[in-house]
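Structural description and commentary
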Amino acid sequence: MKTALKTAFPENFVWGAATSAYQIEGAWDADGKGPSIWDAFTHEPGRIFEDQNADVACDHYHRWREDVALMRELGLGAYRFSLSWSRILPSGAGVANEKGMAFYDALIDALLEAGVTPWVTLYHWDLPLALQRKGGFLNRDIVEWFGDYAALVAGRFGDRVGHWMTFNEPPVIIGFGHQRGQNAPGLRLAFADCLLGAHHLLLAHGRGVQALRAGARIPARISIAHTSRERIPMEETLEHVEAARRDYFSCRQRNFWDLAWWADPVVFGRYPEEGLKAFAADLPPITDADMALISQPVDFLAYNCYSGWPVRAGAGGAPEDVPGAWGPGNPRGTRPWLSIVPEAPYWAARFQTERYKLPLVFTENGFNNIDFVHHDGGVHDPQRMDCASGYLRSIRRAINEGHPVQGYFHWSLLDNFEWSDGFSERFGLVHVDYRTQKRTPKDSFAWYAGVIRTNGASL
Ligand code: GBH
C-alpha cells in the first residue's frame, strides 16, 4: 500500500509541454504580422549568437498540423504556447489581423480535436515594436494596451481556452530586457526606470486578469508565470531549511530575481517591506488603487523551474551561499546557469505553496544539450531523461507531503530559438533540423510518452 501511494501522481495531474511564439513560429512578417521587439533585436548585428534570428525558426506557423500530430503521439494532456501579440495586433492596438486570429483559432481547434488542452500565455517577451516606440513598459499606457489585447483574445478564444497566463517571467522581461540589455529591447536603464517598468508590468497583469475573466465563456484558471532562483538547504535540518526559505523570499537584489517582489503584490496586494526599504530611493509612486488592480485573484501559481543554489544557515541562522558546494567544474550540468538540481522543484513547491496558499503548476522545466541525429537515425539524450526523471520524482515527493502541485510542462516540445543563444542550445523532446525542418523525436520523447501513459508510475 505504502509503495503504491509513493509512486502515484494525482489522477488529474496535468502532463504538458511548452513552447513560445517567437521561438518556434517563424513567418515573422507573413499574413500581415507586425514586427515585434525580438524581430528588431535579432536583425541588429552583434546581438545574438552568430547573428541568428527566428525569421523561420521551426516554421511552426506553416507546420503546426505536424506538430499537433506529434503531441497526439506523445499522449500530451496539455500544451502551453504563447500568442504573438503583433501577429494579432500588428501595431499593438487597434484593429485585429484576421489571418493572425485564424491561425490561433485553427491551432486551438486542432489541439482540442487531438485531446490536448491549450494553456495560453499572452506575453512571452515579444512586444509589438510599435508599442516599444511609444515607450513600451515605461509608458503607463501599457496597462490599457495589454488589457485591450487580453480582452480581444478572451473574446475570440475564451469559448475554448480556459487556462491563461498573462506574462512569462517578469524578471527576464525587466532584468534582461531593460536593465542588462541582453534581451530585447536591449536597454540598459537606471534602476528607478526598471522599477517603474516592473510596476507597469504588474498593473498590466492585473488589467489582463480582469479582461480574461470578463471574456471567459468556460471556467477560467488564470495566473502569471514566475521564475527565480531556487534555494536548496544544504542539509535538511530545521535551521538550514529556514535559512533557505528566508533567503528565497528575501528582497534586496537590484536585479529583479527576487520572487517576492513579483509574487507578493499579485497574491497579497503589497510589495515586500524589505524591498520597499531597500529600493526606497528608486521607487515610483505606488497607490492603493494600483495594488488593488495588481492583486486581482489568481487561481494557481505558475512557475518555471530549472536550477537551484545551495544555502546554509550561518551565524544566528542568517542565510549564506555555499560556493563550490557541488564541486568544481559544475558536475551537475553542462551550462553555467543550468546546474541539474532535482531537489529544486520540491523546495520551490513547498516554500511557495506554504507562503501563498495556492496550488502550483510547473509551467516549464527542461534541459539543454547538443543533441544530434546519430547514424542510426535516432537522437539519444539520456541526460534529458535522467534530469527530468529526477525533477519529477522530486515533484512527487512534494505532492506526497501534501504540497499541492497540479501539473508539469516540459520545456520544450521542440528544439527552438533559444533567445541570445540562437539555435546553439537544444531543449526539445523533438529534434529539429533547421535546414530541412525535419522533426525527429528524441529518445526522451518515447520516455515522456511512457511517463504520461502511466501517470508517472514509470518514474
Ligand atoms: C525560460 O527562461 C524561458 O521562458 C524560455 O523561453 C527559455 O527557452 C527557457 O527558459 C530555456 O532557457 O545568460 O547565463 O545569465 C528561464 C530563465 C533566464 C534561464 C535567462 C537562462 C540566461 C542565463 N532563463 N537565463 S545567463
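Residues numbered from 1 in each chain as written. Predicted model: local features only at pLDDT ≥ 70, side-chain atom pairs only at ≥ 80, totals over all residues. Heavy atoms only, no water.

Under an unreviewed UniProt entry, the protein chain has the name Beta-glucosidase and belongs to Termitidicoccus mucosus. You can read under Catalytic activity (unreviewed entry) in the UniProt record for the protein chain the words "Hydrolysis of terminal, non-reducing beta-D-glucosyl residues with release of beta-D-glucose." (UniProt positions renumbered as here; feature names shortened; annotations may be inferred.)

Attention now moves to the sheet that holds strand β8 (residues 308-313). Strand pairing in a sheet relies on backbone hydrogen bonds. The paired strands run either parallel or antiparallel. Taken together, the 3 strands give an open sheet; going across it, the order is β6-β8-β9, and neighbouring strands pair in mixed fashion. Both edges of this open sheet fall to β6 (230-233) and β9 (319-321), since each of them pairs with a single strand only. When the angles between neighbouring strand axes are averaged without regard to direction, this sheet yields 45°. Sheet analysis places β6 next to β8, joined by 4 bridges and oriented parallel. The residue of β8 that forms the bridge with E230 is G308. (Pairing = 2+ DSSP bridges. Helix = DSSP H or I, 4+ residues; strand = E, 2+ residues; numbered from the N terminus. Axes fitted to C-alpha atoms, helices over the stretch in contact; angles between N-to-C directions.)

Applying the stated rule across the entire model yields 0 disulfides. Its sulfur unpaired, C194 is 15 Å from the next cysteine sulfur, which belongs to C251. (Disulfide = S-S within 2.5 Å.)

Right, let's talk about the packing of helix α10 (residues 191-215) against helix α12 (residues 259-268) for a bit. Between α10 and α12, the shortest axis-to-axis distance is 11 Å and the interhelical angle comes to 35°. Read as a crossing pair, α10 and α12 show a hand that is right-handed. Note on element contacts: α12 touches α10 through W261, W262, P265 and V266, opposite L195, A198, L201, L202 and H205. Split into classes, the residues belonging to the contact of α10 with α12 amount to 8 nonpolar, 1 polar and no charged. (Left-handed = near helix turned anticlockwise from the far one by under 90°. Contact = heavy atoms within 4.5 Å. Nonpolar A, V, L, I, M, F, W, Y, C, P; charged D, E, K, R; others polar.)

This paragraph deals with helix α4 (residues 60-74). Residues spaced three or four apart along an α-helix face the same direction, because each turn holds 3.6 residues. The first and last C-alpha atoms of α4 sit only 17 Å apart over 15 residues, clearly below the 21 Å expected at 1.5 Å per residue. Bending of α4 peaks at approximately 35° at the position of E66. Three or more residues of α4 are buried, namely H60, Y61, W64, D67, V68, L70, M71 and L74. Backbone geometry just downstream of α4 places G75 in the positive-phi region, at approximately 80°. (Expected span 1.5 Å × (residues − 1). Bend = angle between axes of the 7 residues up to and from the residue. Buried < 20%, exposed > 50% of the residue type's maximum accessible area, 1.4 Å probe, protein only.)

Attention now goes to the sheet that holds strand β4 (residues 163-168). Spatial strand order, β1-β2-β3-β4-β5-β7-β10-β11: 8 strands in a closed barrel with parallel pairing. Between one strand and the next, the sheet's axes are offset by a mean angle of 25°, whatever the strand orientation. For strand β1 (residues 14-18) and strand β2 (residues 78-82), the ladder comprises 3 bridges, and the chain directions are parallel. If you follow A18 over to β2, its bridge partner there is R80. The strands that helix α6 (residues 98-113) touches are β2 and β3 (117-123); relative to β2, the one it contacts most, it runs at about 170°.

Before going further, it helps to examine the site of the ligand. Close to the ligand lie 18 residues; Q23, H124, E169, E364 and E418 are nearest. Here an oxygen atom of the ligand and a side-chain polar atom of R180 are 3.3 Å apart. The separation between an oxygen atom of the ligand and a polar side-chain atom of E364 is 2.9 Å. Taking a 2 Å distance to the grid points as the criterion, the majority of the atoms of the ligand fall inside the largest pocket. Looking at the shell around the ligand, its residues break down into 9 nonpolar, 5 polar and 4 charged. (Near = heavy atom within 4 Å. Polar contact = N/O pair within 3.5 Å; in protein donor to acceptor, adjacent residues only side chain to side chain. 1 Å grid on protein atoms, 1.4 Å probe; cavity = no way out; pocket = protein on both sides within 12 Å on 5 of 7 lines; lining within 4 Å. Sits in = over half its atoms within 2 Å of the grid points.)

What follows deals with the UniProt feature "binding site: substrate" (unreviewed entry) in the protein chain. Look at the UniProt record and you will see "binding site: substrate" (unreviewed entry) annotated at Q23, H124, N168, Y306, W411, E418 and W419. Here, the largest pocket is lined by Q23, H124, N168, Y306, W411, E418 and W419 out of the annotated residues. Secondary-structure assignment places H124 in the loop between β3 and α7 (129-132). Filtering out sequence-adjacent residues up to four positions away, W419 remains in contact with S20, Y22, Q23, W38, I48, H124 and W125. One polar contact links W419 to Q23, side chain to side chain, over a distance of 3.4 Å.

What follows concerns the UniProt feature "active site" (unreviewed entry) in the protein chain. The UniProt record annotates "active site" (unreviewed entry) at E169 and E364. Spanning 196 residues, the named residues nonetheless gather at one spot, since no C-alpha pair among them exceeds 10.7 Å. Checked against the lining of the largest pocket, the annotated residues just named reduce to E169 and E364. Tracing the backbone shows E169 in the loop between β4 and α9 (170-179). Overall, the relative accessible area of 7% leaves E169 in the buried class. Those residues within four positions of E169 in sequence are excluded, and the remaining contacts are W125, A225, T227, N304 and E364. Position of E364 among the secondary structure elements: in strand β10 (residues 360-365). Residues contacting E364, with those up to four places away along its chain left out, are A18, R80, H124, N168, E169, Y303, N304, C305, Y306, F409 and W411. Here N304 takes part through its side chain, which lies 3.2 Å from a polar atom of the side chain of E364.

Examined against the element boundaries, T19 turns out to sit in the loop between β1 and α2 (21-24). Separated by 2.7 Å, the side chains of T19 and Y79 make a polar contact. If sequence neighbours within four positions are ignored, T19 has contacts with I24, Y79, R80, F81, S82, W411, S412 and L413.

By the definition in use, this model includes 43 aromatic pairs. Look at Y79 and F81: their rings are 5.3 Å apart centre to centre, the planes differ by 15°, and that puts the pair in the stacked class. When its relative accessible area of 1% is taken as the criterion, Y79 is described as buried. Ring centres of F268 and Y356 lie 5.3 Å apart, and the angle between their planes is 40°; on these two criteria the pair is classed as tilted. Of this pair, F268 sits in helix α12 while Y356 is found in helix α15 (residues 344-356), placing the two residues 88 residues apart along the sequence. One aromatic cluster in this structure is built from Y22, W38, F41, W125, F417, W419, F423 and Y434. Between the NZ or CZ atom of R229 and the centre of the ring of W257, over which it lies, the distance is 4.6 Å. Sitting over the face of the ring of Y346, R397 holds its NZ or CZ atom 3.7 Å from the ring centroid. (Phe/Tyr/Trp six-rings, centres within 6.5 Å; stacked < 30°, edge-to-face > 60°. Lys NZ or Arg CZ within 6 Å of the ring centre and 35° of its normal.)

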